[in-house]
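Structural description and commentary
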Amino acid sequence: MAQPIDFNKSEQYILSIRLSTDGFSFSIYHPQHESEAYFSSSPVNTQRSMAANVKAYLTETEELKHSFKQVNILIHTSRYTTVPLELYEDEQTELLFYQNLPTQSNEVILCNILGKSNVVILFGLDKLTHLFLTEHFPNARLFASVSPLTEFFSHKCKQNEGRKLFAILHPESMEVIGFEKEQLTLLNSYPTSSLHDSCYYLLNVWQQAGFDQEKDALYIHSNTQAAQWEELLLVLRKYIRKLYIINPQMEFNDLPLSHIKQIPFDMLSLTSCE
């Protein structure tokens, strides 16, 4: 079970912050004493810009004013694209990014190099938000939230045959990641307003990508407790024989943070990027 943390020794802890339009959250834990763990989440003000929300969050959240051993910042965004690692050149970052996404002013393009997945994820963040974050946490590592998910599921696929599709459901969106053995074959995000949307996108992706109803597997995770969740699973099982619910406690060896129901799966999967 998670135990209280001691901010007098905050420099021994790892802080992970997650920024999303559906809410901000952070976790703190001791890498050697994993039972020392803490998680907090809060809504965002939808009348404010992301930068204004971030500035207020950093100013008003007392726990974030300490020094930490390591700081990770997850940006939950759909403004990302992938590039095969062997084809990536740093000086072409903006060119590659805007070939796949519409141009947006006042944006900085960031890069996550994923050694386990053999891909590079480029993602955009508005310059003012980036400024607030890097001023407050000069040594922070910034990730698109799909990056640790991709690394984690890539590792999960290495010893297994067949094709696998992973789906992580959020209140307003869903990430879908596909692998053939350890090779990343599909990565996309979809806006969703209901679990029915998630079902539609998943079955469409399954069909369009040519997954086999009998041989291939779908792994799915959601923090939602809605009654529609069971309905979603019933519908998916009609079409996909190998359907598995992702259990955070099993995936992360009973890590105390994994017992917190509200914690986003991408935050837990950051251990793949250490």
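Our structure's up above, just so we're on the same page.
Fair warning: this is a prediction, and the values are worked out from it, not measured in the lab. (Residues numbered from 1 in each chain as written. Predicted model: local features only at pLDDT ≥ 70, side-chain atom pairs only at ≥ 80, totals over all residues. Heavy atoms only, no water.)

The next point concerns empty space enclosed by the protein. In total, this model carries one cavity of 30 Å³ or more according to the counting rule given. Counted as a void, the largest cavity has a volume near 80 Å³. Forming the walls of the largest cavity are 12 residues, and the residues nearest its centre are Tyr29, Met267, Leu268, Leu270 and Thr271. Looking at the lining of the largest cavity, the elements with two or more residues in it are β1 (14-20), β2 (23-29) and α8 (265-268). (1 Å grid on protein atoms, 1.4 Å probe; cavity = no way out; pocket = protein on both sides within 12 Å on 5 of 7 lines; lining within 4 Å. Points joined across faces, edges and corners; volume = space filled by probe spheres on them. Helix = DSSP H or I, 4+ residues; strand = E, 2+ residues; numbered from the N terminus.)

The next subject is the nonpolar core. Within the largest apolar cluster, 61 residues are counted, with the highest numbers of intra-cluster contacts made by Leu15, Ile73, Leu133, Phe137 and Phe153. When residues no more than four places from it in sequence are discounted, the contact partners of Phe137 are Leu15, Ile17, Leu58, Leu64, Val71 and Ile73. Grouped together as the second largest cluster of nonpolar side chains are 21 residues, Ala167, Met174, Ile220 and Leu243 included. (Core = buried A, V, L, I, M, F, W, Y, C linked by side-chain atoms within 4.5 Å. Buried < 20%, exposed > 50% of the residue type's maximum accessible area, 1.4 Å probe, protein only. Contact = heavy atoms within 4.5 Å.)

The next thing to look at is the pattern of salt bridges. Inspection of the entire model under this criterion finds seven salt bridges. A salt bridge links Arg79 to Glu107, with the shortest nitrogen-to-oxygen separation between them at 2.8 Å. With Arg79 in the loop between β4 (70-75) and β5 (80-84) and Glu107 in strand β6 (residues 107-114), this residue pair connects regions lying 28 residues apart in the sequence. On the basis of relative accessibility, which here comes to 14%, the residue Arg79 falls in the buried class. Between Glu214 and Arg241 there is a salt bridge; the shortest N-O distance is 2.9 Å. Separated by 27 residues along the polypeptide, Glu214 in the loop between α5 (195-208) and β12 (217-222) and Arg241 in the loop between α6 (228-239) and β13 (242-245) bring together distant segments of the chain. Linked through salt bridges whose partners overlap, the residues forming this network are Arg18, Asp22 and Asp266. (Salt bridge = Lys/Arg side-chain N within 4 Å of Asp/Glu carboxyl O.)

Taking strand neighbours across the sheet as the criterion, the five strands line up as β11-β10-β9-β12-β13 in an open arrangement whose pairing is mixed. On the outer flanks of this sheet lie β11 (183-191) and β13, each paired with one strand and no other. Here the average twist between neighbouring strands, direction ignored, is 15 degrees. Here α6 sits on the sheet in contact with β9 (163-169), β12 and β13, set at roughly 175 degrees to β12. (Pairing = 2+ DSSP bridges. Axes fitted to C-alpha atoms, helices over the stretch in contact; angles between N-to-C directions.)

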